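What follows is each chain in one-letter form.
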Amino acid sequence: MLKRTLLATAALGLGLAFAGAASAQDALKACWVYVGPIGDGGWTFQHDQGRLDVIKAFGDKVDASTYQENVPEGADAERVLTQMALGGCKIIFTTSFGYMDPTNAVAAKFPDVKFEHATGYKRDSANVSTYNARFYEGRAVTGTIAGRMTKSNKIGYIGSFPIPEVIQGINASFIHAKKVNPNVTMSVVWAYTWFDPAKEADAAKALIEQGVDVILQHTDSTAPLAEAAKTPGVIGFGQASDMAEYKPSPRVSAIIDNWGPYYVERVGALLDGTYEQKDTWAGIGGGEVKIGDITEAVPAEVKAEAEALAASIGDGSYHPFTGPLNKQDGSAWLAEGEKADDGTLAGMNFYVEGIEGDIPQ
Amino acid sequence: MFRLEKRPTPSRFWTGATPVVAVILTMLAGGLMFGVLGKNPFEVIRTIFWDPLFGEFAWYLRGQLLVKAGPLILIAVGLSLGFRAGIWNIGAEGQYIMGAIFGASVGLAVFPTENRLIYPVMIAAGAFGGWVWAMIPAILKTRFNTNEILVSLMLVYVAQSILAMAALGFLRNPEGAGFPGSRNFNSYPAASNPELIAGTGMHWGVVAAFITVIAAYVLLQKHLLGFQIKLSGQAPRAARFHGVNPTALVVLCMGISGALAGLAGLFEVTGPAGQISIDFNTGYGFTAIIVAFLGRLNPLGILLAGLLMALTYIGGEMASTNLGLPSAAIQAFQGMLLFFLLAVDVLSNYRVRMSMKGTA
């Protein structure tokens, strides 16, 4: 076992030496692995916008032209990452949760290449950093708008996978919808995909048939908005990207992921030698999460309320998970005025009180 | 005018030549598509077909070719037996998933015990899982005359839901901080399926695929069962007069293909994939159907077809990363391969004739 590993390391090291020699005098090569197509108009699109920001910021000093779309999470990711590392990439951004184990496995074999894994928690070797955004901060804002805007008092949520990041979003949306509208109920549909327009449209359709008139989504395509557009009175929000083509309604606002500043910072740090392993989790305050333009379909006072909330989250005066809050089963979670700690949030696996249904186990 | 005339027997020449012609036509049409996309077609074709084998990183990619081809070949050989007998198991993807779940469950149940017997038992459990999943359509067909195509296909979606349940529930890594996904087998030596020789990509699944190819070849050429399978496909009535029991044949063919798909799943989950995750399956079970037909339902042909298919995946990825091709273009390219194969296939059963009298 040990011998095998040594051999593998030696073989890879040799390859790396060649690859390194070939590209030593060239620009720093930064590479991206995407889970969907750039044309998804959501998650992957925004990561690619971040890549373009890197090109804009560094010009000839950085070669950020390498990326791979639609990489399945698992064995294929490991091969793609190895190919990139062999191909001379010096920093590789792996932009989906499912790349966690492959990223760490490949990183162990290429200690000279920096790996940046989005939304994961494993940093097994010194060259792996993780980064994520506090999307739940944006969810608090859209939840507020949802609570104010619903006429049927039924809000629907299209979940992707039941992982903590998504559950944070569901809880944050519900808490803030409930705060402004005590009669609100929320149904969650699990799509088990990050990007599948057909499935997402089906999920939206099912929710609308149940009488839902505000749809929140944690999947990446515009399909739920397209579905909402077919039924008058149903609204939704842009997810990951602005999705401005559905303005002013059904898209009344959006949570926008803004990865550019982080990518520019990390690539810049690698260029000037200040790069260090770290775990980044920034939100509205850090500029990683932005609230897309709130359209005229939303009454002015609701818009003002939502913007004030976003501002208070941004300047740190308000935390979306502030007690008193109970868990779904009625047990106490946060006492009056208590704020959730990052550890609990990062591993969140429970609904707050009032949400119906179970998290798939 | 051209006219198609049915041949009395399929042309041996065209049966062999079809895959080659299809590959050449795919290169031409694909090259045209890449050209339209503004890329140099020769460079793209070279990146897909040449670089993984002989390029700068071939030492790594040749091994990856085996990793990718292994499960395809293993599943496709099993499917081809049924396809030859006219038994259509379309649900290998589901059997692949169930094999992985059964095998992984055995391994995780005894974690962290170290014992040489664990992996063989997991292999048996993997084959059993795939077999059980294939038995459902087989028994429904023999008992109630249901359509095995539909039942086996629908069971893929059931298997996917069970996979999600496993990743989120009963197989979830208890040390995973609430995230879905099982423990990683690569850090559990007794239950893992590592590379046997570093850098070659050879793991037990690839070994099993090669053994299966040889076994299937011998079965079809030398064994009475092989003869019965072929006869049932070509002349079901004659087969019955020959004493072939159609019920037994369905159960047997579905069982073999299910068990092999289950094995593929087990080797994949304990090796290259490493863990049970919600989207562990990436379509090997479906792609294997293409591989089976591309290989003319012949074990040796399937071996080559599996490697070719793996080549288009890995080379396609390289073309996509290095030349900036959209991944959809690569998928279209792979689709063309099947399209041309089926189109050219007409020539093995039909002859093209010039007709003097105009339209027939």
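Here is what the cut-offs are and how they apply
Residues numbered from 1 in each chain as written. Chains lettered and ligands numbered in written order. Predicted model: local features only at pLDDT ≥ 70, side-chain atom pairs only at ≥ 80, totals over all residues. Helix = DSSP H or I, 4+ residues; strand = E, 2+ residues; numbered from the N terminus. Rg over C-alpha atoms; globule rule 2.2 N^0.38 Å. Contact = placed C-beta atoms within 7 Å. Buried ≥ 20, exposed ≤ 12 C-beta atoms within 10 Å, placed from the backbone. Nonpolar A, V, L, I, M, F, W, Y, C, P; charged D, E, K, R; others polar. Domains from an automatic or database assignment. Pairing = 2+ DSSP bridges. Axes fitted to C-alpha atoms, helices over the stretch in contact; angles between N-to-C directions. pLDDT = per-residue confidence, 0-100. Left-handed = near helix turned anticlockwise from the far one by under 90°. Expected span 1.5 Å × (residues − 1).

**Things to note about the overall build of chain B**
Point 1. Within chain B, the regular secondary structure consists of 14 helices and two strands.
Point 2. Relative to the compact-globule value of 21 Å for 360 residues, chain B shows a C-alpha radius of gyration of 22 Å, a close match.
Point 3. Projected onto its principal axes, the C-alpha positions of chain B cover 75 × 60 × 35 Å.
Point 4. In chain B, once contacts between residues fewer than 6 apart in sequence are set aside, the share between residues at least 24 apart is 79%.

**Concerning the overall build of chain A**
Point 1. Broken down by element type, chain A carries eleven helices and 14 strands.
Point 2. For chain A, the C-alpha radius of gyration of 21 Å lies close to 21 Å, the compact-globule estimate for 361 residues.
Point 3. Relative to its 361 residues, chain A shows a buried fraction of 54%.
Point 4. Of the contacts made within chain A by residues no fewer than 6 positions apart, 66% connect residues no fewer than 24 positions apart.

**A closer look at the interface of chain B and chain A**
Point 1. Each partner contributes to the interface: chain B provides 36 residues, whereas chain A provides 36 residues.
Point 2. Counting residues per element, the ones that place at least two in the side of chain B that touches chain A are helix 4 (58-84), helix 7 (148-168), helix 13 (299-323) and helix 14 (327-349) of chain B.
Point 3. Ranked by the residues each element gives to the side of chain B that touches chain A, the list is headed by helix 13 of chain B, at five residues.
Point 4. Residue composition of the side of chain B that touches chain A, by class: 18 nonpolar, 14 polar and four charged.

**Section: the domain arrangement of chain A**
Residue and element names in this part refer to chain A.
Point 1. As far as domains go, chain A holds domain 1 (2-133) and domain 2 (135-256 + 290-346).
Point 2. The distance between the C-alpha centroids of domain 1 and domain 2 comes to 32 Å.
Point 3. Tallying the contact residues gives 14 residues for domain 1 and 13 residues for domain 2.

**Side note on the sheet that holds strand 3 (residues 91-94) of chain A**
Within a sheet, adjacent strands bond to each other through the backbone by hydrogen bonds, running parallel or antiparallel.
Residues and elements named next belong to chain A.
Point 1. The six strands are arranged 2-1-3-4-5-11 in an open sheet whose pairing can be described as parallel. Two strands bound the open sheet, and with one partner strand each, they are strand 2 (62-68) and strand 11 (279-282). For this sheet the average axis-to-axis angle between neighbouring strands, irrespective of direction, equals 20°.
Point 2. Strand direction decides the pairing type here: strand 4 (residues 114-118) and strand 5 (residues 128-133), joined by four bridges, are parallel. Its bridge partner lying in strand 5, F115 is registered against V128.

**Section: the sheet that holds strand 6 (residues 154-159) of chain A**
Residue and element names in this part refer to chain A.
Point 1. Taking strand neighbours across the sheet as the criterion, the six strands line up as 7-6-8-9-10-12 in an open arrangement whose pairing is mixed. The outermost strands of the open sheet, each flanked by one partner alone, are strand 7 (185-190) and strand 12 (289-292). Averaged over all pairs of adjacent strands, the angle between strand axes in this sheet comes to 15°, irrespective of strand direction.
Point 2. Inspection of the sheet shows strand 6 paired to strand 7 by six bridges, in the parallel sense. Across the sheet, residue G159 finds its bridge partner in strand 7, namely W190.

**Observations concerning the confidence of the model for chain A**
Point 1. Looking at chain A, the pLDDT average stands at 89 and 93% of residues meet or exceed 70.
Point 2. Ignoring residues within four places in sequence, the model shows residues 1-24 of chain A, a span with pLDDT below 50, making 24 contacts including any to other chains.

**Some details on the packing of helix 5 (residues 135-149) of chain A against helix 6 (residues 164-180) of chain A**
All names here are of chain A.
Point 1. One way to put it is that helix 5 packs onto helix 6 with a least axis distance of 7 Å and a crossing angle of 35°. The two elements helix 5 and helix 6 meet at a crossing, and its hand is right-handed. From helix 5, F135, Y136, R139, A140, T142, G143, T144, A146, G147 and R148 reach across to helix 6, where they touch E165, Q168, G169, A172, S173, F174, I175, H176, A177, K178, K179 and V180.
Point 2. Its residues assigned to classes, the contact of helix 5 with helix 6 shows nine nonpolar, eight polar and five charged.

**Comments concerning helix 11 (residues 246-270) of chain B**
Point 1. Here helix 11 of chain B spans 36 Å end to end across 25 residues, near enough to the 36 Å set by a 1.5 Å rise per residue.
Point 2. Extensive coverage of helix 11 of chain B is indicated by the burial of 20 of its 25 residues.

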